Amino acid sequence: MPRPETILFPRGERVEERRRNAEDHKIRDEFFDHPTLLAVSHLVSRGLFESLDYPISTGKEGGVFRASGAAGFRAVKVYRISNAVFRTLPPYVLEEFRRQAGTRGFAHLVADWTRREHTILTRLKDAEVRVPVPLGYMRNVLVMELVGSDAGEPAPRLKDALIEDPEALRTEFALQVQRMLVGAKLVHGDLSPYNVLQAPDGAPAFIDVAQAIPTTHPQARALLVRDLKTFAKFFGKLGADGSFERLWADSGGATALPEKA
Ligand SMILES: Nc1ncnc2c1ncn2[C@@H]1O[C@H](COP(=O)(O)OP(=O)(O)O)[C@@H](O)[C@H]1O
Ligand SMILES: [Mg+2]
């Protein structure tokens, strides 16, 4: 008579498999509607990658997938076009969004947003900020360099990373923010240990830049203060210098955003 586990285990496996398939279907249905599949196949035909391997992250706004091809590994960010995401927005945002979408449609807005992320990545790269190299986009799909190991393992977010030298990280972070402010003249606006990755050499790599705004924007100063306060606290917790004022100074805040007279 077979032992119980030899009966149960395969059945357990099948259930697990079904669950995984259901999960795959969910991801496929949520992110890959027909037009998105066309955008992906267009990018494939341009030679930007050959296959989507697995989701690195699936969030409210979109999903990021590891992709690979002859030229190496890529990160492919797919913004959701479905109405589902808009239902979760606060009413005043939704209202504004509906108003704009009334004339051009959601798909156009999301495409604009995707292109915007590509443009900002280019501008940051030109200023030698550590960001993934943007490689192309189509509609709601953005292709960029994978921040990760040579073997294609995606880099961890700072939030999850093991940080061996917090003071060195703080110094490098401040240098990168300075390039962002003084070189690219941009404020990230959503900086947190979730949107900064730990590259394999330990350096911080900035992602999720679509909402970045020019240093001349009326909100720039307030957003930079918020970004740097978040990180001063983060560095303090790690045992590095946790002073916001010093981080502001070291990041070139005073140069890029001088106090109004
Ligand atoms: N170029 C990249 N290389 C490696 N991982 C990435 C890359 N871009 C994004 N990721 C991963 O995907 C997650 C979500 O990406 P992000 O751009 O922050 O999108 P979201 O709008 O969902 O926050 C990140 O936290 C990171 O783990
Ligand atoms: Mg993010």
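A few points on the structure. These numbers were taken from a predicted model, which means no experiment stands behind them. (Residues numbered from 1 in each chain as written. Chains lettered and ligands numbered in written order. Predicted model: local features only at pLDDT ≥ 70, side-chain atom pairs only at ≥ 80, totals over all residues. Heavy atoms only, no water.)

A word on the side chain of Thr-114
Along the chain, the position of Thr-114 falls in helix 5 (residues 106–126). For Thr-114, a relative accessible area of 0% puts it in the buried group. A polar contact is formed between the side chain of Thr-114 and the backbone oxygen of Val-110, at a distance of 2.8 Å. Beyond its immediate stretch of four places on either side in the chain, Thr-114 contacts Tyr-79, Tyr-137, Arg-139, Asn-140, Val-141 and Leu-142. (Helix = DSSP H or I, 4+ residues; strand = E, 2+ residues; numbered from the N terminus. Buried < 20%, exposed > 50% of the residue type's maximum accessible area, 1.4 Å probe, protein only. Polar contact = N/O pair within 3.5 Å; in protein donor to acceptor, adjacent residues only side chain to side chain. Contact = heavy atoms within 4.5 Å.)

What to know about the coordination of the magnesium ion (ligand 2)
Tetrahedral metal sites with four donors have an ideal angle of 109.5 degrees; octahedral sites with six donors have ideal angles of 90 or 180 degrees. For the magnesium ion (ligand 2), the full set of protein donor atoms is Asn-195 (OD1) and Asp-208 (OD), and the range of their distances to it is 2.1 Å. Of this pair, Asn-195 sits in the loop between strand 6 (186–187) and strand 7 (196–198) while Asp-208 sits in the loop between strand 8 (204–206) and strand 9 (213–214), and the two are 13 residues apart along the sequence. (Donors = N, O, S within 2.8 Å, 3.2 Å for Na, K, Ca; no water.)

Let's talk about the pairing of strand 5 (residues 141–145)
Burial analysis of strand 5 places four of its five residues in the buried class, which makes it a mostly covered element. As defined by bridge partners, strand 3 (residues 72–79) adjoins strand 5 across five bridges and the pair is classed as antiparallel. Pairing of Ala-75 across the sheet is with Met-144, part of strand 5. Across four bridges, strand 4 (residues 134–138) lies against strand 5 in antiparallel orientation. Following the sheet pairing, Tyr-137 is matched in strand 5 by Leu-142. (Pairing = 2+ DSSP bridges.)

Things to note about the pattern of salt bridges
Counting across every chain of the model gives 10 salt bridges. We note a salt bridge from Arg-115 to Asp-112, for which the minimum N-O separation is 3.0 Å. Remark: Asp-112 and Arg-115 occur in helix 5; sequence separation between them is three residues, near one turn of the helix. Arg-115 gets classed as partly exposed once you look at its relative accessible area, which sits at 39%. With a relative accessible area of 26%, Asp-112 lands in the partly exposed category. Ionic pairing is found between Arg-157 and Asp-160, a salt bridge with its closest N-O pair at 3.1 Å. When salt bridges that share partners are traced, they join Lys-77, Glu-117 and Asp-208 into one network. (Salt bridge = Lys/Arg side-chain N within 4 Å of Asp/Glu carboxyl O.)

Quick look at the packing of aromatic side chains
Per the stated rule, a full pass over the model turns up eight aromatic pairs. Look at Phe-173 and Phe-231: their rings are 4.3 Å apart centre to centre, the planes differ by 25 degrees, and that puts the pair in the stacked class. Highlighted residues: Phe-173 in helix 6 (residues 166–183) and Phe-231 in helix 7 (residues 220–238), separated in sequence by 58 residues. An aromatic cluster of three or more residues is present, and its members are Phe-173, Phe-206, Phe-231, Phe-234 and Phe-235. (Phe/Tyr/Trp six-rings, centres within 6.5 Å; stacked < 30°, edge-to-face > 60°.)

Focus on the nonpolar core
Ranked by size, the top nonpolar core spans 43 residues in total, and within it Leu-124, Phe-173, Phe-206 and Phe-231 carry the most contacts. Mapped onto this core, the elements with two or more residues apiece are helix 5, strand 5, helix 6, strand 6, helix 7 and helix 8 (244–250). Ranked by residue count, the leading element in this core is helix 7, at eight residues. Counting residues domain by domain, this core receives three or more from each of domain 1 (48–151) and domain 2 (166–256). Setting aside chain neighbours within four positions, we find Phe-173 in contact with Leu-191, Pro-204, Phe-206, Leu-228, Phe-231, Phe-235 and Leu-247. (Core = buried A, V, L, I, M, F, W, Y, C linked by side-chain atoms within 4.5 Å. Domains from an automatic or database assignment.)

A look at helix 5
The periodicity of an α-helix, 3.6 residues per turn, causes residues three or four places apart in sequence to face the same way. A rise of 1.5 Å per residue sets the reference length of helix 5, with its 21 residues, at 30 Å; its end C-alpha atoms lie 30 Å apart and thus fit the reference within 8%. Along helix 5, the positions that sit buried rather than exposed are Phe-106, Leu-109, Val-110, Thr-114, Glu-117, His-118, Ile-120, Leu-121 and Leu-124. Two residues or fewer after helix 5 comes Glu-128, characterised by a positive phi angle close to 60 degrees. (Expected span 1.5 Å × (residues − 1).)

Points about the sheet that holds strand 1 (residues 51–58)
The strand order 1-2-3-5-4 describes an open sheet built from five strands, whose pairing is antiparallel. In this open sheet, the two edge strands, each paired with only one partner strand, are strand 1 and strand 4. Looking at each pair of strands side by side, their axes are set apart by 25 degrees on average, direction ignored. Along the sheet, helix 2 (residues 34–45) contacts strand 1, strand 3, strand 4 and strand 5; its crossing angle with strand 5, the most-contacted strand, is approximately 35 degrees. Across the face of the sheet, helix 5 comes into contact with strand 3, strand 4 and strand 5 while running at roughly 165 degrees to strand 4. (Axes fitted to C-alpha atoms, helices over the stretch in contact; angles between N-to-C directions.)

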